[in-house]
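This is what each chain is made of:
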Amino acid sequence: HPALSALSSLSNFIVKFTPSKIEQYQWLEEEKRKMEQTIKRKETGDTLFRNGDYDDAVKEYTACLALDSGGVNGIVEGIIGGRMNAVLHCNRAAACMALSKYRDAISD
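Residues numbered from 1 in each chain as written. Predicted model: local features only at pLDDT ≥ 70, side-chain atom pairs only at ≥ 80, totals over all residues. Heavy atoms only, no water.

One way to put it is that helix α2 (residues 27-50) packs onto helix α3 (residues 54-67) with a least axis distance of 8 Å and a crossing angle of 165 degrees. Considering their axes alone, α2 and α3 lie roughly antiparallel with respect to each other. Crossing geometry of α2 relative to α3 is assigned as left-handed. Every residue of α3 that contacts α2 at K34, Q37, T38, R41, K42, T44, G45, D46, L48 and F49 is listed here: Y54, D56, A57, E60, Y61, A63, C64 and L67. (Axes fitted to C-alpha atoms, helices over the stretch in contact; angles between N-to-C directions. Helix = DSSP H or I, 4+ residues; strand = E, 2+ residues; numbered from the N terminus. Parallel < 35°, antiparallel > 145°, perpendicular 65-115°, else oblique. Left-handed = near helix turned anticlockwise from the far one by under 90°. Contact = heavy atoms within 4.5 Å.)

See the structure below:
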C-alpha cells in the first residue's frame, strides 16, 4: 500500500539521517502498525463483501475506521485518513445498501 510505504520510508530516513530525533518520531511505528491492521481488516471486509456476508463486512469496515480515530497520545490525528477513510466509508455504505440499511448508507 502506498501510504504504508511512505511511512516506512520516512521512518527509515529518520533512523538513518537524524538518529538524535528518533524519540520525537516514536509515533511513526504505532501509525505503521495501525495502517497494517487497517489494510488487513479492509481486505477481510472486501472478501466478506464479495462473498455476500454484508453484516460482517460492515463490522470490518467499522473496525478499520475505529483504528484511525485519533492519533497516538494525541500527537497525530489519523495518519491513515484521507483516501483510505473515504474508501472505507464508501465500502461500508455499499455493504449497508446491500442490507437495505439505506439511512446508514447515506450517513456514510
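Moving on to α2. Taking 1.5 Å per residue, 24 residues should reach 34 Å; α2 reaches 34 Å between its end C-alpha atoms and fits that length. Buried within α2 we find W27, L28, E31, K32, K34, M35, T38, I39, K42, G45, D46 and L48. Looking one or two residues beyond α2, the residue adopting positive phi is G52, at roughly 80 degrees. (Expected span 1.5 Å × (residues − 1). Buried < 20%, exposed > 50% of the residue type's maximum accessible area, 1.4 Å probe, protein only.)

Evaluation of the coordinates by the stated rule reveals 1 aromatic pair. Between F49 and Y54, the ring centres sit 5.1 Å apart and the planes meet at 70 degrees, which makes this aromatic pair edge-to-face. (Phe/Tyr/Trp six-rings, centres within 6.5 Å; stacked < 30°, edge-to-face > 60°.)

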